[in-house]
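# Commentary on secondary and tertiary structure
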Amino acid sequence: VQLQAYGGGLVQAGGSLRLSCAASGRTFSSYASGWFRQAPGKEREFVATITWSGGNTYYANSVKGRFTISRDNAKNTVYLQMNSLKPEDTAVYYCAAGPRLATLQYEYDYWGQGTQVTVSS
């Protein structure tokens, strides 16, 4: 499975962005997916995850109620809708795929390149 994240950009605080993660490979729909982010000088951290069916999701407390993860298996794509963005959301965002709903990086087998999200105050 190969993953490519895109949709990042520069947005003002309070604004919205939707990130997409396009996957190649027939088996993508059988994988759970996750989003992580890494801010400058900080470690990569968990953001959100979704099961292969889309039936279950889980979020980091810092984004709960503002971000929504979803997927369209027919399009082999996972999305991260980000609303009410804050300057502290500024980071490089990465998508990943793994066998189950998970919050730890080592539980994911495949990673995409990152996409930069910058939120100005």
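A brief report on the enclosed structure follows.

### Observations regarding the pattern of salt bridges
This structure, assessed with the given rule, holds 3 salt bridges. The partner of glutamate 45 in a salt bridge is arginine 37, with the nearest N and O atoms 2.6 Å apart. Judged by its relative accessible area of 37%, glutamate 45 falls in the partly exposed class. On the basis of relative accessible area, arginine 37 is assigned to the buried category, the value being 6%. With its nearest N and O atoms 2.9 Å apart, the salt bridge here joins aspartate 89 to arginine 37. Of the two residues, aspartate 89 is situated in the loop between strand 8 (77–82) and strand 9 (91–98) and arginine 37 in strand 4 (residues 32–38); the sequence distance between them amounts to 52 residues. Pair check on accessibility: aspartate 89 and arginine 37 agree, each one buried. Several salt bridges converge on common partners, so that one network encompasses Arg37, Glu45, Arg66 and Asp89.

### Describing the side chain of threonine 77
Secondary-structure assignment places threonine 77 in strand 8. Residue threonine 77 is classed as buried on the basis of its relative accessible area of 7%.

### Quick word on the side chain of glutamate 107
Along the chain, glutamate 107 falls in the loop between strand 9 and strand 10 (110–111). One buried charged residue, glutamate 107, remains without a salt bridge, the closest side chain of opposite sign being arginine 100 at 4.2 Å. Beyond its immediate stretch of four places on either side in the chain, glutamate 107 contacts Gly98, Pro99, Arg100 and Ala102.

### Structural notes on unusual backbone geometry
A positive phi angle is found at asparagine 76, which is not glycine, with a value near 50°. Examined against the element boundaries, asparagine 76 turns out to sit in the loop between strand 7 (67–72) and strand 8. Despite not being glycine, serine 84 has its phi angle at roughly 50°, a positive value. Structurally, serine 84 is set in the loop between strand 8 and strand 9. For serine 84, a relative accessible area of 41% gives the class partly exposed.

### Here's the deal with the environment of threonine 115
In this structure, threonine 115 sits in strand 11 (residues 115–120). When the C-alpha atoms of threonine 115 and threonine 103 are compared, they prove to be 19 Å apart, with 12 residues separating the residues in sequence. In contact with threonine 115, not counting residues within four places along its chain, are Ala5, Tyr6, Gly7, Gly8, Leu19, Ala91, Val92 and Tyr93. Among the polar contacts made by the side chain of threonine 115, one reaches the main-chain amide nitrogen of glycine 8 at a distance of 3.1 Å.

Here is what the cut-offs are and how they apply
- Residues numbered from 1 in each chain as written.
- Predicted model: local features only at pLDDT ≥ 70, side-chain atom pairs only at ≥ 80, totals over all residues.
- Heavy atoms only, no water.
- Salt bridge = Lys/Arg side-chain N within 4 Å of Asp/Glu carboxyl O.
- Buried < 20%, exposed > 50% of the residue type's maximum accessible area, 1.4 Å probe, protein only.
- Helix = DSSP H or I, 4+ residues; strand = E, 2+ residues; numbered from the N terminus.
- Lys, Arg positive; Asp, Glu negative; His and termini not counted.
- Contact = heavy atoms within 4.5 Å.
- Polar contact = N/O pair within 3.5 Å; in protein donor to acceptor, adjacent residues only side chain to side chain.

Purely spatial values, then, with no claim about function.
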